[in-house]
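# Structural features, examined
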Amino acid sequence: MSTAEILEKAHERAKAAGKRHAGDMTPEEAHALLREHPDAVLVDVRSHPELDFVGMIENSKHIPWQNYPGMTPNPDFDQQIKKEVTPDHFLLLLCRTGGRSLAAAEHLASLGYHHCYNILGGFEGKQDHQGQRGKVEGWKASGLPWKHK
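In this report, the structure presented in the accompanying data block is examined. (Residues numbered from 1 in each chain as written. Predicted model: local features only at pLDDT ≥ 70, side-chain atom pairs only at ≥ 80, totals over all residues. Heavy atoms only, no water.)

## Considerations on the layout of surface pockets
What the largest pocket holds in volume is close to 250 Å³. In this structure, the largest pocket is lined by 14 residues; those nearest its centre are Leu-34, Ile-57, Glu-58, Asn-59 and Ser-60. Elements that contribute at least two residues to the lining of the largest pocket include exactly helix H2 (27-36) and strand E2 (40-44). (1 Å grid on protein atoms, 1.4 Å probe; cavity = no way out; pocket = protein on both sides within 12 Å on 5 of 7 lines; lining within 4 Å. Points joined across faces, edges and corners; volume = space filled by probe spheres on them. Helix = DSSP H or I, 4+ residues; strand = E, 2+ residues; numbered from the N terminus.)

## A look at the packing of helix H4 (residues 77-84) against helix H5 (residues 99-110)
Put simply, H4 and H5 touch, their axes get as near as 12 Å, and they point 75 degrees apart. It follows that H4 is roughly perpendicular to H5 by the angle criterion. Residues Phe-77, Asp-78 and Ile-81 of H4 touch H5, and the partners they reach there are Ala-104, His-107 and Leu-108. Of the residues that constitute the contact of H4 with H5, the class distribution is 4 nonpolar, 1 polar and 1 charged. (Axes fitted to C-alpha atoms, helices over the stretch in contact; angles between N-to-C directions. Parallel < 35°, antiparallel > 145°, perpendicular 65-115°, else oblique. Contact = heavy atoms within 4.5 Å. Nonpolar A, V, L, I, M, F, W, Y, C, P; charged D, E, K, R; others polar.)

## Some details on the sheet that holds strand E3 (residues 61-62)
Read across the open sheet, the 5 strands follow the order E1-E7-E6-E2-E3; overall the sheet is parallel. Both outer strands of the open sheet, strand E1 (23-25) and E3, are each paired with one neighbouring strand and no more. Two elements, strand E6 (residues 90-94) and strand E7 (residues 116-119), share 3 bridges in a ladder whose sense is parallel. The partner of Leu-92 across the bridge, within E7, is Tyr-117. (Pairing = 2+ DSSP bridges.)

## With respect to the packing of aromatic side chains
Across all of its chains, the model carries 3 aromatic pairs by this definition. Note on Trp-65 and Phe-77: the rings are 4.8 Å apart at their centroids and 90 degrees apart in plane angle, and the pair reads as edge-to-face. Of this pair, Trp-65 sits in the loop between E3 and strand E4 (66-67) while Phe-77 sits in helix H4, placing them 12 residues apart in sequence. We note that Trp-65, like Phe-77, is buried. Considering the side-chain rings of Phe-90 and Tyr-117, the 6.2 Å spacing of their centres and the 15 degrees angle between planes classify their relative orientation as stacked. Of the two residues, Phe-90 is situated in strand E6 and Tyr-117 in strand E7; the sequence distance between them amounts to 27 residues. Between the NZ or CZ atom of Arg-46 and the centre of the ring of Phe-123, over which it lies, the distance is 4.3 Å. In this structure, Lys-140 packs its charged tip against the face of Trp-146, placed 4.3 Å from the ring centre. (Phe/Tyr/Trp six-rings, centres within 6.5 Å; stacked < 30°, edge-to-face > 60°. Buried < 20%, exposed > 50% of the residue type's maximum accessible area, 1.4 Å probe, protein only. Lys NZ or Arg CZ within 6 Å of the ring centre and 35° of its normal.)

Below is the structure:
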């Protein structure tokens, strides 16, 4: 699938859901865009412990949307994002299951970042019938590259 096709599908998904950000893409689409588009940046918005204990994606930018413990909003998020990317970058936002990254994408869209994409299912996705994550949906379940810190 071409970059244009990936972006169009992602945009259609977000538009159908009534969202302001540029689009929602699957982990596979995000991975393809990262390989093909020079201005694509993966921004991992999970907390520091999540990266330490669950795993991470190499070459991603880590900017927590919420701080651990307590999962309180990161008051420095806007400043931190401005240090790492510009509004012209294609921002692919990832969290554990897709909720925080969606909130961050919507927030960044309101600040004038026009190319914010949420990665559906996040890093681990929803739980399977045994209560385990990383097997049903998300980056890990898709078999895409990641590592432990």
